[in-house]
Every structure is written in structure tokens, then in C-alpha cells.
Amino acid sequence: MKNQLLCITLCIVLSACQPQSETDPSESAQSAQSSQTVQKEVAYQQDPKPEDIKKQPEKSAGAQLMDNYAGFTLTANLSHLSDNQQKMVDYLIQAAKVMDDLFWLQSYGEKYDLLNSIDDPDLKRYAEINYGPWDRLAGDKPFIEGYGIKPPGARFYPPEMAKEEFNTQADDNLRSIYTLVRADEQGQLQAIPYHVAYEEAILQAAEWLKKAAELAEDPGFKNYLTLRAQALLNDEYQASDRAWLDMKNNAVDVVIGPIETYEDQLFGYKAAYEAFVLIKDKKGSEKLAKYAQFLPRLQAELPVADKYKQETPGTDSDLNAYDAVYYAGDANAGSKTIAINLPNDEQVQLEKGTRRLQLKNAMHAKFEKILLPIAHELVVPEQRKHVTFEAFFANTMFHEVAHGLGIKNTLTGQGTVRESLKEYAGAVEEGKADILGLYMVEKLHRLGELDGGELMDYYTTFMAGIFRSVRFGSSSAHGVANLLRFNYFAEHGAFNYHQESGHYSVNPEKMSAAIASLSEKILTLQGDGDYQAVADWFQQDGQMSPQLTQALDAINRAGIPVDIVFQQGRQYLN
Ligand code: ZN
């Protein structure tokens, strides 16, 4: 995201509050005013309801937290791969595990210092899922005794450093997405490149990638792996990003390195290590390939003044379906991404576009275990039939495509949109992708280019998707973007609330206009690089309404999990 095209984090993420709770609206409002971070502005903190506690007297706090996650095993058929290609997958998983260790260091510190201090097995497992003692589904609230709030700058910056202190000293090195910031004895801030700070682990990860490269049969993939290994060693990623976009026929893929900047909630500058090991679904990919050709036309027809759509979306962009076999680091922390759009580097994007990866097995798990049960609780009965996997897949896919639309550089001389909107950039970019994704669905549906489904399927599934995402509360940029969008649709009559049943319905007549006007609003804010206007919008509309709070409580009382946790590794692949 950050221009994020990267949603690697998917976009459509979610996060949520804990089951069995109730919100105190005054608490949310207060935290919104007192905090400068995106995350805290929508913190949705709840306390258990007495009747819910009674229902499950035997459940420990750790067991209740673990109910937030539905287990899911990542599998894929590797039988079409040669022995060497299967061996290569093993090496890629090894490299991914190094990213996992590095993310621990960036987010919390020494992994085993924390894990070994926790006796309760559920709480220990919950700490593993969260890569630390703070609950990513509950606004980073600490769930292990003795821990205070999570430092917004994680371990990227000195914990005691003030924002002003950084801003006074900041230069390109300190702001770099690939450096740690540390204070020397005089209090002077120093930038330490990642490849220096984490030298030993980086050498190991590069070694695994080189071994994998030796086995790679697809020349494009071999080249990418070789360049990516080098990139890890010097933190210069552009050549490997280009090589990644150049390869087209590889059956196996890996996304690896410091990529997303969500973990840096202080400034949104610093990238966190992560990895995905992926097996391409060739048939599914062919179906998706046709949509990229519509990008230039859709860009030209965006519902906004011409000056905000003058950048040309890359025409080399492609869209593919995969099964994920391993998630590591940032990608595996808390809520799980089900689609990826990379690279994030704006220069490479403008030159070559991006690649969008739909992770079908992970997506299916979320649809069945989370989205359908939510629709059953919250959507009016007569519209529930419109919540379909096809629409969920399409909305998610077009979210990814939509990251390529709009504008990357401000028109007001403030550099890139990402730089000018700072800590809000991720949430705004996700909000843009969600709304423009739906705009694209509408357009293509009207052109007769979408396979099957009624427009109502896409609208209704989109609404159910927002409920899912808003549960994420605060610790993800996506959760924030969803809250803003939900409030916008409710204000404009696109969603109706039915007091007596507690259900919501879509009003298709008002939906279209709301999609267009919200698209325009976001594209304009990005093009203007208007940090203050965005901050004001978050303050005013980033709150949870009483109805929405009730809706989330209904979901939580129904015991619907918030996200997925993976069982993963070589042993689960056939
Ligand atoms: Zn996204």
C-alpha cells in the first residue's frame, strides 16, 4: 500500500475486536483526539459482556483470544513440478523463515525472550500470531501482563524518540524505507541500513535464494532470484523488482524482502520484512489476464477532473491467481492478506506497472469461514443470496487492479502522494483501491465484460466485506479505510440500517452515485497531497456509529472468527 500497491496486505483486511464485547463510544472518541497515529484513531476497545462471560466460564483469556482465528492449512498440489522445482520450494520456504525472524526484530525484539516468558500455551500461541504482546486485532492492545502500549515506531526508531526530534534531523538516509534509526550517545540520530543491521540473517536468506536460483528452470525466475538475493545484500531493490515484473511463465513465485510500511505507525517510512511462497494457478490466471487491457480506458473515465488522471497506468501490468504455501513476517502477522499488488516502488510502477496476485486458497478460507457467517448475521435475508464467492473474488481482484489507477505524484509540488500524506497514505491508498475497484466492476459489468453475476452481487458482497474489514478496528490501514467508507455510504443512503432487525441492506439506486463521489473525493485528496484535509476527515468520520457498534457486537456474539491462522510448511504440500 503506500502506494502501496501493495497491498500485500490485503487489502481487504480486517481486523477485529474481540468476541464478547461492547464498545464504550466515549473511549473511542477520546483516543481519537489524543492520538496522532492512524491506528489509535479508530481504536475499538471492548470489555466482555457479563452474559457472555457466563456462557463460557471455563474459557481462559488465552483461549478466548485464540477464538479470533480460524485455523486453515495451506496446501497446494506440487505434482506438476519436477523434483528440482519441489526442492526449490523448500529453499524458498527456508528464505521465508529468515524474513520471519527479521520481522520479529523489527516489530518487537528478541522473539524467544518473549515467548519463553509466557506459560499459558494459548497466550504463547497468540503472541506468535501477533509477533509480540500486542493484539493486532484490537488496536495493538497489550494482552500480556506487564506490557504498555506498543511504540508506534515499533523497533524502527528509538522508542523514546519524539516525532519533532526526527523531523528536525531528518535527511534522506533517516527517512529511507530501508534503514533503522538509532540515537548515538550525543542523542544524534543515525541511519543504519538494514543489510548492515541484520547482516548475518541477510547473508543466510540470500544464500537460500541463490540455492533456489541454481535449481530454477524458468530463466526469468532464475534471474529474479539472483537479483533478489543481491538486493537483500545491499538494499537496492529496483533491478529485482523489474526482473520480477519481466518474468511471465514461472510456475513458482516468491515475494520476499522489506516491502510494506504499515508496521511503522509513527511515520509510515520503514519497510517490514516478509515473504510469500506461491504456486501459480495457470488456468485461473488465464481468466484474469484479460482485465489489464481495460486499465487505460478506465483511467481515462475516472469520475474526477482531468488533471488527476494524467498519469498513464502501466500497460505491462498483469494479474494472476496463486495458491499460497507459506506466509512469513509482516505478511503472517495478525490478519492475513489475500491479494498482493507489487512492487511498491513508484518509479518501477510508472515504468512497468505492477503485478497483482490473487491468493485463492486463502481467499476461499476467508469467504467460507468469515464472510458468509457475517452476511448471515447482518444482511437482510432477501439480499443474502447476493453474497457470492465469485463477487468476493472479483471485488478483491479489482481492488488490486485499482491500485494502478489514479495518481502517484501530487500536483502541488509535494512529491509523491505517499510522501505528502505520510502516516495516512496507506489508509487513503487502500480506500482508493477499494472504491475504484468497485467502480471498475460497475463499468465492466455495464460493458458486458464481467463473467456472470448481477451488479447486486458485487454491491452486497462489498457491503458484507466492509463489515468483515471494519472488525479489524485499528491496527491496519485497511481497517481505517473501511470505517471511513462505511460511514460515507451510510451518510449517502447507499446502505440502509433496519432498526428492528439490526440488518443492513444495499440501496442500488444510491450506490452508484456514492461510488462516484467517494472516488472523486479520494483521488482529489491524493492529487492535492492535502495532508490536513485527510487528517480532518479521519478525525471527523473515523468513528464507529452506535449502529455499527451493535452490528459488530452481533458478529462477535455469534462467535465468528476474525481471521485465519495458517498451518504451513513443506509437510502440508503434496
Ligand atoms: Zn490494497
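Everything that follows concerns the structure shown earlier in this document.
The rules behind the values
Residues numbered from 1 in each chain as written. Predicted model: local features only at pLDDT ≥ 70, side-chain atom pairs only at ≥ 80, totals over all residues. Heavy atoms only, no water. Helix = DSSP H or I, 4+ residues; strand = E, 2+ residues; numbered from the N terminus. Buried < 20%, exposed > 50% of the residue type's maximum accessible area, 1.4 Å probe, protein only. Areas by Shrake-Rupley, 256 points an atom, 1.4 Å probe, with all protein chains shown as cover. Axes fitted to C-alpha atoms, helices over the stretch in contact; angles between N-to-C directions. Parallel < 35°, antiparallel > 145°, perpendicular 65-115°, else oblique. Left-handed = near helix turned anticlockwise from the far one by under 90°. Contact = heavy atoms within 4.5 Å. Nonpolar A, V, L, I, M, F, W, Y, C, P; charged D, E, K, R; others polar. Expected span 1.5 Å × (residues − 1). Pairing = 2+ DSSP bridges. Phe/Tyr/Trp six-rings, centres within 6.5 Å; stacked < 30°, edge-to-face > 60°. Lys NZ or Arg CZ within 6 Å of the ring centre and 35° of its normal. Salt bridge = Lys/Arg side-chain N within 4 Å of Asp/Glu carboxyl O.

### Observations concerning the overall build of the chain
At step 1: Looking only at helices and strands, the chain has 25 helices and 15 strands in total.
At step 2: Here the chain, with 574 residues, has 63% of them falling under the buried criterion.
At step 3: Counting only carbon and sulfur atoms, one obtains 48% of the accessible surface of the chain, whose full area is about 21,100 Å².

### Side note on the packing of helix H5 (residues 83-107) against helix H11 (residues 199-215)
At step 1: Running from N to C, H5 and H11 cross one another at 165°; their axes reach a closest spacing of 8 Å. As the angle between them shows, H5 and H11 are arranged roughly antiparallel. At the point where H5 passes H11, the crossing takes the left-handed sense. Touching Asn84, Gln85, Lys87, Met88, Tyr91, Leu92, Gln94, Ala95, Val98, Met99 and Leu102 of H5 are Ala201, Ile202, Gln204, Ala205, Trp208, Leu209, Lys211, Ala212 and Leu215, all from H11.
At step 2: Within the contact of H5 with H11, the residues separate by chemical class into 14 nonpolar, four polar and two charged.

### Focus: the environment of glutamine 94
At step 1: Here glutamine 94 shows up in helix H5.
At step 2: The spacing of glutamine 94 and leucine 209 is 115 residues in sequence and 8.8 Å in space, taken between C-alpha atoms.

### Overview of unusual backbone geometry
At step 1: Look at the link from leucine 342 to proline 343: it is a cis peptide, with omega at 0°.
At step 2: The backbone of lysine 422 shows a phi angle near 45°, a positive value even though the residue is not glycine.
At step 3: Within the fold, lysine 422 resides in the loop between helix H19 (417-421) and helix H20 (425-446).

### Re H11
At step 1: For H11, spanning 17 residues, the distance from its first C-alpha to its last is 25 Å, which sits close to the expected 24 Å at 1.5 Å a residue.
At step 2: If you check which residues of H11 are buried, you get Ile202, Ala205, Ala206, Trp208, Leu209, Ala212, Ala213 and Leu215.
At step 3: For H11, the elements touching its buried residues are H5, helix H10 (194-197), helix H12 (219-234), strand S8 (252-260) and strand S9 (272-281).

### Things to note about the side chain of glutamine 358
At step 1: Following the sequence through the fold, glutamine 358 ends up in strand S12 (residues 355-359).
At step 2: Residue class for glutamine 358 comes out buried when judged on its relative accessible area of 0%.
At step 3: Contacts of glutamine 358, omitting those with residues within four sequence positions, involve Leu288, Leu319, Asn320, Ala321, Tyr322, Ile338, Ala339, Met363, Phe393, Thr396, Met397 and Glu400.

### Thoughts on the pairing of S8
At step 1: Among the nine residues in S8, nine count as buried, and that is most of the element.
At step 2: Two strands pair when backbone bridges link them, and S8 and S9 are joined in this way by eight bridges, in the antiparallel orientation. The partner of proline 258 across the bridge, within S9, is tyrosine 273.

### With respect to helix H18 (residues 389-402)
At step 1: Taking 1.5 Å per residue as the helical rise, H18 with its 14 residues ought to reach 20 Å, and the 20 Å between its terminal C-alpha atoms agrees with that figure.
At step 2: Most of H18 is tucked away: 13 of the 14 residues are buried.

### Side note on the packing of aromatic side chains
At step 1: Counting across every chain of the model gives 37 aromatic pairs.
At step 2: Residues tyrosine 497 and tyrosine 504 carry aromatic rings whose centres are separated by 4.9 Å and whose planes lie at 55° to one another, so their mutual orientation is tilted.
At step 3: On the accessibility criterion, tyrosine 497 (22% relative accessible area) is partly exposed.
At step 4: Members of the aromatic cluster, joined through ring pairs, are Phe462, Phe467, Phe486, Phe489, Phe495, Tyr497 and Tyr504.
At step 5: Across the ring face of tyrosine 531, the terminal group of lysine 422 is positioned such that the distance to the ring centre comes to 5.0 Å.

### Thoughts on the pattern of salt bridges
At step 1: Counted by the stated rule, this structure contains 18 salt bridges.
At step 2: Its salt-bridge partner being glutamate 263, residue lysine 150 comes within 2.6 Å of it at the nearest N-O pair. Highlighted residues: lysine 150 in the loop between strand S5 (141-142) and helix H8 (163-169) and glutamate 263 in the loop between S8 and S9, separated in sequence by 113 residues. Like glutamate 263, lysine 150 is buried.
At step 3: Aspartate 306 is the partner of lysine 309 in a salt bridge, and the nearest nitrogen-oxygen pair spans 3.9 Å.
At step 4: Owing to a relative accessible area of 13%, lysine 309 belongs among the buried residues under this scheme.
At step 5: Among the ionic contacts, a cluster of salt bridges with common partners joins Arg136, Lys150 and Glu263.

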